[in-house]
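# Overview (structure and organization)
Each chain, letter by letter, is given below.
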Amino acid sequence: MTATPANLPDVDAFTRPYWDAAAEGHLLLRHCAACDRAHHYPREFCPYCWSEDVRWERASGRATLYTWSVVHRNDLPPFGERVPYVAAVVDLAEGPRMMTEVVGVAEGDLRIGMELRVAFREDGDVAVPVFGSASER
Ligand SMILES: [Zn+2]
């Protein structure tokens with residue numbers, strides 16, 4: 001097993017489907033058949049009702065912007081080379097709230113509630129979900 005750089009996620013047997021789907025441009029969520037709710041980050045049991053009847057489902061990729069912060073300084077590699085960037089929390093259409101990054105939107109154009117759509121950024125061996133404006137697609 002090769003060591004994962006500090007900035008990249010560890011991929012294990014449980015999260016492998018998530019990263020495989022991301023590499024193909026699809027965002028996966030965990031969906032609970034018992035209470036019909038989706039959650040993120042992925043867990044092996046439902047965080048709402050504790051059921052283990054939880055499966056992967058493909059998300060629509062649609063989200064709205066809940067909040068954000070423009071990061072101008074980060075000393076942790078590789079983020080220092082990326083500043084400024086927009087660290088954000090988005091509300092996925094399926095319900096879960098997700099920490100991510102907004103890309104391709106000028107700082108002055110960011111608005112609470114703006115419609116976003118998932119995109120994927122190649123980051124080493126993995127594709128990381130980020131969000132861009134839905135209206136520019
Ligand atoms: Zn549940």
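Residues numbered from 1 in each chain as written. Predicted model: local features only at pLDDT ≥ 70, side-chain atom pairs only at ≥ 80, totals over all residues.

### A few points about the overall build of the protein
In terms of helices and strands, the protein carries one helix and eight strands. If you list the helices and strands of the protein from N to C, you get α-β-β-β-β-β-β-β-β. The C-alpha atoms of the protein give 16 Å as radius of gyration, which agrees with the globular expectation for 137 residues (14 Å, within 12%). Counting only C-alpha atoms, the protein reaches 40 × 40 × 25 Å along its principal axes. Per-residue burial for the protein yields a buried fraction of 20% across its 137 residues. Pairs at least 24 residues apart make up 49% of the contacts formed inside the protein by residues separated by at least 6 positions. (Helix = DSSP H or I, 4+ residues; strand = E, 2+ residues; numbered from the N terminus. Rg over C-alpha atoms; globule rule 2.2 N^0.38 Å. Buried ≥ 20, exposed ≤ 12 C-beta atoms within 10 Å, placed from the backbone. Contact = placed C-beta atoms within 7 Å.)

### Quick look at the sheet that holds strand E2 (residues 38-39)
The strand order across the open sheet formed by three strands is E2-E1-E3, and the pairing between neighbours is antiparallel. Each having just a single partner strand, E2 and strand E3 (54-58) make up the two edges of the open sheet. Summarising the sheet, strand E1 (residues 28-32) and E3 pair through five bridges and their orientation is antiparallel. If you follow Leu 29 over to E3, its bridge partner there is Glu 57. (Pairing = 2+ DSSP bridges.)

### As for the nonpolar core
By size, the foremost hydrophobic cluster in this structure holds 19 residues, and its most contacted members are Leu 65, Ala 88, Val 90, Val 102, Leu 116 and Phe 131. Of all the secondary structure elements, the ones that give two or more residues to this core are helix H1 (16-23), E1, strand E4 (62-71), strand E5 (85-92), strand E7 (115-123) and strand E8 (126-133). Ranked by residues supplied to this core, first place goes to E5 with four residues. Residues within four places of Ala 88 in sequence aside, it is in contact with Leu 65, Thr 67, Trp 68, Thr 100, Glu 101, Val 102 and Phe 131. (Core = buried A, V, L, I, M, F, W, Y, C linked by C-beta atoms within 7 Å.)

### What to know about the UniProt feature "domain: ChsH2 C-terminal OB-fold" (unreviewed entry) in the protein
Per the UniProt record, "domain: ChsH2 C-terminal OB-fold" (unreviewed entry) is annotated on residues 56-121. Annotated as residues 56-121, this span is 0% helix and 52% strand, and its ends, taken at the C-alpha atoms, are 21 Å apart. (UniProt positions renumbered as here; feature names shortened; annotations may be inferred.)

### Section: the environment of Trp 56
Relative to the assigned elements, Trp 56 resides in strand E3. Looking at Trp 56, the number of C-beta atoms within 10 Å reads 13, which means it is partly exposed. As a C-alpha pair, Trp 56 and Cys 32 span 24 residues in sequence and 8.9 Å in three-dimensional space. Every residue in contact with Trp 56, bar those within four places of it in the chain, is listed here: Pro 17, Leu 28 and Arg 30.

### Notes on unusual backbone geometry
The omega angle of the peptide bond from His 40 to Tyr 41 is 5 degrees, so this bond is cis rather than trans. Relative to the elements of secondary structure, Tyr 41 occurs in the loop between E2 and E3. A cis geometry characterises the amide bond from Pro 77 onward to Pro 78, with omega recorded as 0 degrees. Following the sequence through the fold, Pro 78 ends up in the loop between E4 and E5. Despite not being glycine, Asp 36 has its phi angle at roughly 60 degrees, a positive value. Here Asp 36 shows up in the loop between E1 and E2. Even without being a glycine, Trp 50 presents a positive backbone phi close to 70 degrees. Considering the arrangement of structural elements, one finds Trp 50 in the loop between E2 and E3.

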